[in-house]
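# Architecture and fold: a report
Listed below are the residues making up each chain.
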Amino acid sequence: MSVPELRFPEFEGEWDEFKLKEISTEIKRTSENVNEDVLTISASVGFISQKERWNKVIAGNSLKKYVLLKKNEFSYNRGNSKLFPYGCIYRLKNHDSALVPNVYRSFSLNGQNPLFFEQYFIGGYIDRQLRRIISSSARMDGLLNISKSDFFDVKIKAPKIDEQAKIGFFLAKVDEKIEKLEKKLELWEAYKKGMMQKIFSQELRFKDENGEDYPDWEEKKLTETGKIVTGNTPSTKNKEYYHEGTYLWVTPTDISSSKYIKSTERKLSDAGIKKARIVSKNSVLITCIASIGKNCIITENGSFNQQINAITPKKEFSHEFMYYIIDKNSEKLKKFAGITATPILNKKSFENMKFEFPCLDEQIKISNSLSSLDNKLGYLNGEIQINYNFKKGLLQKMFC
C-alpha cells in the first residue's frame, strides 16, 4: 500500500501515483535581460550564484541559451556527486527569477505543492528509478546519461494537495530552524575568530586579580616551552602490535576540528606500545607533514605516528594555551614547511619556531575565555546535528 509510516491524523487513504510528466511542464523559456542573476546548482546547498561559486559568471556566449527559471520552479542537475550520485533536484526559492544552465532539466509543477516536492526530491525518493534508467556513469562533460523522456517518465507518489501542503509547511519549518542555527553558528565562529585576532595581537589584554596589567609577553622558541617528541609507527607487519589494542595511537586522520582527542582509529596493544614514543596526557599534538598545523590535546597517555610532533609543556606553560597559539598560527607553520609536493616541517625547524607567550596566569585566563566560546560552538553544532537527524527520520517516515 502507498501509505507513509508517519502521517498527520486528519489524513487517510493511499497516496496517488503519477509520472512526473503528468504533473509538470518542462521549462524552455529564455531571457535577454542582462540583470538576471546567473545561478548554478551545488549538490550540498542548492542554487548558488555563479559569481559566488567561481568569482565570475562562467556562462559566456551560452548565456543566451540559459533557461529563465521562476520562483518555486525546479531544475534537475545531471551532475553526479557523493551526496547525490544520480543527480539532484532543487527548487528556486530565494530568487523571483534567475537564469540556469540549459543542460539542466527544468520544470514547473502543475497544481502541486512546491514545498512538498522540494522535500520529496531532496529525500531521494526517485533515486532508485534514476539509477535504473541512467545508461552509464557519466558523459565526457561529466553529466549523467539520462534522456529527457526517461527523466519525465519517472513515477511520483504523492497525497492530495491539502496533505502535501501540511507536510511541506512542517518540513520547511524544520529547515528554517536548521538555517537559523547555522547562521547563529557562523556568527559565533566569526566572533571567536575576531577574539583570537585581538588576543594574539595583544590588542586585548587581561588584568590580574587586582586589576593590574600582566607583564609583557615574551618571545620563546617552542623548544623552550616544553619537551618536543616526533612520533613513530610500530611495524604494521607485526599484527601483535595492533591486535585488540587499548592504547591511543594518533595519526593525522584522527585529528579533526575537536580540541580533544579521546579515541583513535587504530590502537596499540601492550606489545605495540612498548615500540612507540609515549607522551603524557595533556600533551599537544601537531601535524608537521602534509596536512600541516592540525592540532589537538591528547586526554590520556598515548602515542602517535611520525607525521606528528608533540609538545609536553613545562609547568610555566598551559597546554590549553599552547593548543590555541598553535591553532592561531597554523598558516605560519605551513609557510615554514615550504612549498613542496609533500610539505614537511622537520623537528629542528619546528623547535626553533618563535611565538610570544604571556605569563601563566594570563595564559589560563585566555584559554578559559576561548574554551567558553568553543563550548558554545560545540553546543550549536550539536543542536544542528540533532535537528538534521530529526529531519532525516521524518523524511524516512513521512513519504512513501
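In what follows, the accompanying structure is described. (Residues numbered from 1 in each chain as written. Predicted model: local features only at pLDDT ≥ 70, side-chain atom pairs only at ≥ 80, totals over all residues. Heavy atoms only, no water.)

### Here's the deal with the packing of helix α6 (residues 161-200) against helix α9 (residues 319-328)
Two quantities define a packed helix pair, namely the angle between the axes and the distance from one axis to the other. Interaxial distance between α6 and α9 falls to 11 Å at its minimum, and their mutual angle equals 100 degrees. Here α6 lies roughly perpendicular to α9, going by the angle between them. Across the interface between the two elements, K192, M196, Q197 and F200 from α6 touch F321, Y324, I325, D327 and K328 from α9. (Axes fitted to C-alpha atoms, helices over the stretch in contact; angles between N-to-C directions. Helix = DSSP H or I, 4+ residues; strand = E, 2+ residues; numbered from the N terminus. Parallel < 35°, antiparallel > 145°, perpendicular 65-115°, else oblique. Contact = heavy atoms within 4.5 Å.)

### Topic: the environment of N55
Relative to the elements of secondary structure, N55 occurs in the loop between α2 (50-54) and β5 (67-70). The class of N55 is exposed, set by a relative accessible area of 70%. Between the alpha carbons of N55 and K348 there is a distance of 40 Å; along the sequence they are 293 residues apart. (Buried < 20%, exposed > 50% of the residue type's maximum accessible area, 1.4 Å probe, protein only.)

### Let's talk about the pairing of strand β9 (residues 105-109)
Within β9, five of the five residues are buried, which leaves the element mostly enclosed by the surrounding structure. What you see with β9 is no split at all: R105, F107 and L109 on one side and S106 and S108 on the other are buried throughout. Relative to β9, strand β2 (residues 24-26) runs antiparallel, the two sharing three bridges. If you follow E26 over to β9, its bridge partner there is F107. (Pairing = 2+ DSSP bridges.)

### Remarks on the pattern of salt bridges
Summed over the entire model, instances satisfying the criterion amount to 19 salt bridges. The partner of E73 in a salt bridge is R29, with the nearest N and O atoms 3.0 Å apart. Taken together, the positions of E73 in the loop between β5 and β6 (74-77) and R29 in the loop between β2 and β3 (39-42) put the pair 44 residues apart, joining distant regions of the chain. When its relative accessible area of 9% is taken as the criterion, E73 is described as buried. One salt-bridge network, in which partners are shared between bridges, spans R91, K93, E118 and E179. (Salt bridge = Lys/Arg side-chain N within 4 Å of Asp/Glu carboxyl O.)

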